[in-house]
Structures are given as C-alpha cells and as structure tokens.
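Chain residues, written in single-letter form:
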Amino acid sequence: MKLGAPGKKAGRVIVQVLLLHLLLQSVHSQKSQNNLNITKSGQNIPALTVQLRRVSHDKVVIDNSIIQVTFSSPQGLITGIKYKGIDNVLDDEIDDRGYWDVAWYEPEKPLEIDKLEGTKFEIITQNEEQIEISFTRTWTISKRGSLVPLNVDKRYIIRSGVSGIYMYGILERLEGWPDVDMDQIRIVFKLNPKKFDFMAISDDRQRSMPSMADRDNAKILAYKEAVLLTNPRNPMFKGEVDDKYMYSMEDKDNNVHGWISSDPPVGFWMITPSDEFRLGGPVKQDLTSHAGPITLSMFTSTHYAGKEMRMDYRNGEPWKKVFGPVFAYLNSVSPKESTLHLWRDAKRQMAAEIKSWPYDFVTSDDYPLRHQRGTIQGQLYIKDSYVSRLNIYGRYAFVGLAPIGEAGSWQTESKGYQFWTKADRKGQFIIENVRAGNYSLYAWGFGFIGDYKYEQNITITPGCDMNVGPIVYEPPRNGPTLWEIGVPDRTAGEFYIPDPYPTLMNKLYVNPLQDRFRQYGLWDRYADLYPQNDLIYTIGVSDYRRDWFFAHVTRNVGNNTFQPTTRQIIFNLRSVNKNGLYTLRIALASAADSELQVRINDPESDHIFTTGLIGKDNAIARHGIHGLYRLYSIDVGGNLLSVGDNTIYLTQTRSIGAFQGVMYDYIRLESPSRT
C-alpha cells in the first residue's frame, strides 16, 4: 500500500484534530491566568476546580465542588457554607454566623465590640489550585471612637480538593494612633442548631449538648454564663449545669474541637495548627466550643489571666501581627458508620495540618515560609545541689522563644509571637519554624520552681540552625527542704477536689478524676467541710491529696456574706538556728482579687509577709485549676521559730465575694543554707 496525500475525509479529520488541540490550549491558558473567572450569576464559564462568582454586588461565592462558601462583600462575613446536603451549615436564622471580632476600648471608656467588617474586596490569588480573597479596612482618625484603631486585612483561602476554609488576618496599627486596649480577638462560627447537637473537644470530653433555647429558659446561677437547665427540650439535660468555661482548654492541647450533626452525619471542626500567634505560652487557657452551637478560634483573651494579659497600646506605639491561618474543616461519613469516626478523622486532619505548618500556599509578605524561618536547639539541665550532686536532665520541661523580657514574662506577653516545645526525657529540645526576630529563651517545668531565662538574647535569621548547647537552670534554693506540700507543676490539680453538689452537676465530669475541678460550685463546698474552723494541715500526718482543699477561698456564711479564711500548717522542728534565715517558698497557681498574709506562731501578730492585692484570673469561678503563676520567697527569721511544734498561718484577707481566693501550686520550707 502506497502512502500519498490524504483524501477529503481524512483531511477533515486532521483539521478537526488541530482545531480541538487549539481549543484545549486556549482553555488551559485561561485556567492559568488569575482574575479571569469572576462572573455574574448564570454566566457560562470554563469549569475550574475552584470557582469564584460574584452573584450580586454584596455577595461572593467560592465553590470547589466539595464546599460552597458565601461571603458578604465587602464586609467579609461568612454567611453560608453548603456541604453534603446541608444548604447552610451555619445558623441562617441569625445575622451573625461566621465573623471576626475584637473587644476593645480606649482608656477610661466603655468596652466596644468591633466585627472588623471590611470596606474593600480583593482577589489575591486565583488559579486551579486555590482562591485567596481579602477583605480590608483602613482606619482613619474620623473613625475614632466607633472603630478599633486598626488596619484590617481578613484573608480566606479555599483550595482544590480540600474540605474547608483557611482563615487568617493581618492587623496593624500605625505609629501615633490613639491609645487603645484590646481584651479579645477571635473568630466565631454559630452553627445550624437544627443539625449540630454533639460536641467534641478531646478524646474524653465529648457529649450531646443543650441548645441555646434550653439555656434561655434556664435558671441563671452565680453569673450569667452558668445556668441550671430546668426545662430543656431534651429531658436528659434536666438538672445539669451548663457553662462555656467548663469546656476551656490549655492552648497546647487546643488544636481541634467542634461539632457533629447526626442527620446527615457531618462534622464541623476548628483546627489550629500552630500556637505561634496565640499569647501567654503553652498553658494559657481559653474557650473552645460551647452551647449554641458555637465554635471559636481564640487568638487573644484575658481569660484565666485578667487585665495583666490585655493588649494595651500607649503613646502611639505601632504594632502588626498575623493571626492564623486556622482551618475550619468539614467532614462526613456514610449514614451506616458511627459519627464518632468524624472525630477520629478530624484528629487525622489536625495532624496533617500541623505537619504542613508553615503553609506554603499563603500569599502574604507578612507570613514567612519555611525557608524564611529558623531553628534553635539545645539541652536543658537542672542544678539543685540539695537534690543531686550532679546536674539532672530538665526532662519534659517547656522551652520557648518569646519576646524579650524578664524571666517568666512570657505568661503575660500579648503582642508578639511565641514558639514553644517540650524537651525530651534528657532535656533535649528543638524549636523549628521560628519567625526571624529577636527573642528571649525561656524554660520551666514539672518538679522545679521558678522560671529560667537564657542570659543572652536570641536572634533568629532566615534559614538559621542555632545550637545553644547545654544550658543550666538553678531554681531558687537557699537550703535543704524541711518539708513541702504539693508538687511544683503550676496547677492545684494534685490537691483535694470535693464532690460537686448533686443538684449542680455536669455529667461529663462525673467520672474523669482529672477533670473534677470543672464542676460548678466547688468553692461553696469549703464552707460545708469547714463550717466553723478553717483547714489545719499537719506535716508528717496530713496528706495533701485529701487534706488540702484545692482553693483557698472565702467562707460563705449566708445572706451573701463572706468571711476571710486562715489555713494553718503545723510542723515540728528538732532544732532551730536562732541566728539563721529560713526560707518559705510559696508558689501560687492562681489568684483572684486576693491578698495572702503570712504569720508565724501567733495569729494575732503582725504579718511577716503580704502579697498585697493580686490577681484577676478568675480561675475559681471559671472552673480552672490554674491561672497565672506567682512565686514568693519569704525570709523567716530563726528567732520566730521554736524547738517542737510551730505553726504558719496563711490568711486570705479579702472577702467581698465567693470567687476571691488563691490556688497553691507548691509550698516549701527551707532551713538556713549549709556553711
């Protein structure tokens, strides 16, 4: 068979193939260009993996064929999320569904809430892989008093094949702007109450939840957040206490939480892959999810810390910070599968997000990528000659970089970035993906008191890998231990926590011993146990696990009247160095409008020490086991002590209300130093 010129039919085929090839090239070129696929509703467009549509002048919709997200424009509120047969995962019967907000005020003026609504919409990135959009607002002096003095850039990213929304914000104040305090910055999602009724915040903290309507019809207890469910729609909740603070969590553990719908079986989860943009270190406590159904991403707050934690700006101080990205993740299972699979999948997704941090798809010069960050490593030792002649490993200690400050300042630092890790059993640590900048290196941990700070400032540069080698922390110590109460771990969790009132319980915390402190009303149990005389603790006889009430609170004597309380520590000395100085170490795990006074052997004598008025962390009322850590070292003259029995009197003097008090972390008496 000879080859020759094609016939007419074959020629037509070749032409058609060439035309098809040119068409495919044109479509591919169109997909590769940014900003070409914004369409009016109903307009035909080439099918992209991720599509963006302007369906009206005040609405933007992004659809990746898994989720469809609707934003108000230019405000940047999330008004709708369509997923797996649910037209709107959010509560479409209210206006506030998915939004940012800031609690702020100018000094001496009332608190304001600003939802950071944008005034300009912009597309940052649009391609086959993802769409990133921005809603911005620029502050001017004409807005003073009505809007928080911040420039706002809220960003949202929806990616191809990804079932969720990445969210971050860039907040900035310029030099010379007015004084302002900001108590809270967060993202809020209010979910569809007809669908979501089961909440999960950890493996052992999961439950069916009452509705907001149940709360609205409930009896308010000692404060508005705590209610007794008297007539809930579901009778299983009747007689229980609900309070959003019962579901708080330390930031180091607060990586995923959210809600489950049973019909259809769908989960909505807030995933936080990094704590670098949070404040107050790894054990700062904050809200998670709670009745509503509501899911939060808390970036900053004064919860469990008080005003010492607030972000206050004075004298025109400039500031800029990136919050996030965090990830609102949605998942689903077959109706035949257990909905608890949704929680396991959410944890799997959380692990994947943490592994991917820092993200490589964020389009902002203010968000450094992996190669623009640095690493620091080393090994921590503890030196305490009264415990060991050799330095011991700082096993499982927390080691972190935070803005430059004094030892321990990280726990109230609220403006910069922090990077923490936990050392291994040999005290070895590595902190990766640190933003370039100047920091102090801090450490603290289980089994020793006080705070460590490396003697030199640390400068992280892009791509650096710094090794500080062995570092040694010498905790406060003047002499050998005569006796001690508790365990130095910065919490009161090891002390006696009473049973709750049977009529004021949350059933979630009936069985887990580690969470007993989360029950309501435990502060009033002290007066039940000690109606007349206060707690007496005898060294060598008493056991802090059963004899040391976890919170040093006031005594409720009825008629909204409260009394100061005094604890006694009785101890025996076989000999006394009358000319020496003994040292009393008192580590507090929490304080709320309190003053702790110390007296020796005479309750009517002048106190040898007072803290003065301290604390606003409110951990007693908010079902916490710690707030801010405080350490006091008190000189006790040997002339105040006697051979035989001695008594230390600890008086909490403030008694206006039920929630004034302290929690102890650890108490130790040291004899004079050896010579």
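- As named in an unreviewed UniProt entry, the chain is rhamnogalacturonan endolyase, taken from Microthlaspi erraticum.
- Listed under Catalytic activity (unreviewed entry) in UniProt, the entry text for the chain is "Endotype eliminative cleavage of L-alpha-rhamnopyranosyl-(1->4)-alpha-D-galactopyranosyluronic acid bonds of rhamnogalacturonan I domains in ramified hairy regions of pectin leaving L-rhamnopyranose at the reducing end and 4-deoxy-4,5-unsaturated D-galactopyranosyluronic acid at the non-reducing end."
- The record held by UniProt for the chain lists under Subcellular location (unreviewed entry) the comment "Secreted".

## Remarks on the UniProt feature "domain: Rhamnogalacturonan lyase" (unreviewed entry) in the chain
Okay, step 1: UniProt records the feature "domain: Rhamnogalacturonan lyase" (unreviewed entry) at residues 395-467 and 481-669, using the numbering of this structure.
Okay, step 2: The span residues 395-467 is 0% helical and 44% strand by assignment, and the distance between its end C-alpha atoms comes to 18 Å.

## Brief notes about the sheet that holds strand 8 (residues 130-137)
Okay, step 1: Strand order in the open sheet made by the nine strands is 7-8-9-10-24-19-18-12-13, with antiparallel pairing throughout. Two strands close off the open sheet at either side, each with one partner strand: strand 7 (120-126) and strand 13 (205-208). The sheet shows a mean angle of 15 degrees between the axes of neighbouring strands, taken without regard to direction.
Okay, step 2: With four bridges joining them, strand 12 (residues 196-202) and strand 18 (residues 256-262) adopt antiparallel strand pairing. Note on strand 18: the bridge partner recorded for Met 199 is Trp 259.

## Brief notes about the domain arrangement of the chain
Okay, step 1: Here the domain parsing of the chain yields domain 1 (51-204 + 244-356), domain 2 (370-473) and domain 3 (481-670).
Okay, step 2: Inter-centroid distance (C-alpha atoms) of domain 1 to domain 2 is 30 Å.
Okay, step 3: Each side of the interface is counted separately: domain 1 has 22 residues, and domain 2 has 17 residues.
Okay, step 4: Approximately 1500 Å² of surface area, both sides summed, lies buried where domain 1 meets domain 2, with 51% of it carried by carbon and sulfur atoms.

## Here's the deal with the pairing of strand 22 (residues 294-300)
Okay, step 1: Within strand 22, seven of the seven residues are buried, which leaves it mostly tucked inside the rest of the structure.
Okay, step 2: Here six bridges tie strand 11 (residues 180-190) to strand 22, and the two strands are oriented antiparallel to one another. Paired with Lys 190 across the bridge in strand 22 is Ile 294.
Okay, step 3: As paired elements, strand 21 (residues 289-290) and strand 22 share two bridges and run antiparallel to each other. Residue pairing for strand 22: His 290 is matched across the bridge by Ile 294.
Okay, step 4: Taking the residues between adjacent antiparallel strands as the criterion, strand 21 and strand 22 are bridged by three residues.

## With respect to the side chain of Lys 321
Okay, step 1: With respect to the helices and strands, the residue Lys 321 is situated in strand 24 (residues 319-332).
Okay, step 2: Of the side chains bearing the opposite charge, Glu 413 lies closest to the buried Lys 321, which forms no salt bridge; the N-O distance is 5.8 Å.
Okay, step 3: There is a polar contact of 3.1 Å between the side chain of Lys 321 and the backbone oxygen of Phe 277.
Okay, step 4: Beyond its immediate stretch of four places on either side in the chain, Lys 321 contacts Gly 169, Ile 170, Leu 171, Phe 277, Arg 278, Ser 414, Lys 415, Gly 416 and Tyr 417.

## Here we look at the pattern of salt bridges
Okay, step 1: Per the stated rule, a full pass over the model turns up 38 salt bridges.
Okay, step 2: Lys 347 serves as the salt-bridge partner of Asp 203, at 2.8 Å between the closest nitrogen and oxygen. Of the two residues, Asp 203 sits in the loop between strand 12 and strand 13 while Lys 347 sits in helix 3 (residues 340-356), which places them 144 residues apart along the sequence.
Okay, step 3: A relative accessible area of 53% places Asp 203 in the exposed class.

## Some remarks on the pairing of strand 37 (residues 555-558)
Okay, step 1: Across three bridges, the pairing between strand 37 and strand 38 (residues 561-563) is antiparallel. From the neighbouring strand, Gly 558 faces strand 38, where its bridge partner is Thr 561.
Okay, step 2: In sequence, strand 37 turns back onto strand 38 through a hairpin of two residues, with Asn 559 there showing a positive phi of about 55 degrees.

## Some remarks on the environment of Tyr 582
Okay, step 1: The topology assignment puts Tyr 582 in strand 40 (residues 581-594).
Okay, step 2: A C-alpha to C-alpha distance of 36 Å links Tyr 582 and Arg 516, two positions 66 residues apart in sequence.
Okay, step 3: A polar atom in the side chain of Tyr 582 sits 2.9 Å from the backbone nitrogen of Asn 577.

## Brief notes about helix 3
Okay, step 1: Taking 1.5 Å of rise per residue, 17 residues should cover 24 Å, and helix 3 covers 25 Å from first to last C-alpha, within 8% of that figure.
Okay, step 2: For helix 3, every residue scored as buried is listed here: Leu 342, Trp 343, Ala 346, Gln 349, Met 350 and Glu 353. Across the axial projection of helix 3, the buried residues extend over an arc of 120 degrees, all falling on one side.
Okay, step 3: Where the residues of helix 3 are buried, they touch strand 10 (164-173), strand 12, strand 13, strand 18, strand 19 (265-271) and strand 24.

## Considering unusual backbone geometry
Okay, step 1: Here the amide bond leading from Asp 263 into Pro 264 is cis, since omega sits at -5 degrees, within 30 degrees of zero.
Okay, step 2: Within the secondary structure, Pro 264 is located in the loop between strand 18 and strand 19.
Okay, step 3: For the peptide bond that leads from Trp 357 to Pro 358, omega is -5 degrees, which places it in the cis range.

Rules used throughout
Residues numbered from 1 in each chain as written. Predicted model: local features only at pLDDT ≥ 70, side-chain atom pairs only at ≥ 80, totals over all residues. Heavy atoms only, no water. UniProt positions renumbered as here; feature names shortened; annotations may be inferred. Helix = DSSP H or I, 4+ residues; strand = E, 2+ residues; numbered from the N terminus. Pairing = 2+ DSSP bridges. Axes fitted to C-alpha atoms, helices over the stretch in contact; angles between N-to-C directions. Domains from an automatic or database assignment. Contact = heavy atoms within 4.5 Å. Buried area = accessible area lost by both parts, 1.4 Å probe. Buried < 20%, exposed > 50% of the residue type's maximum accessible area, 1.4 Å probe, protein only. Lys, Arg positive; Asp, Glu negative; His and termini not counted. Salt bridge = Lys/Arg side-chain N within 4 Å of Asp/Glu carboxyl O. Polar contact = N/O pair within 3.5 Å; in protein donor to acceptor, adjacent residues only side chain to side chain. Expected span 1.5 Å × (residues − 1). Arc of directions from axis to C-beta.

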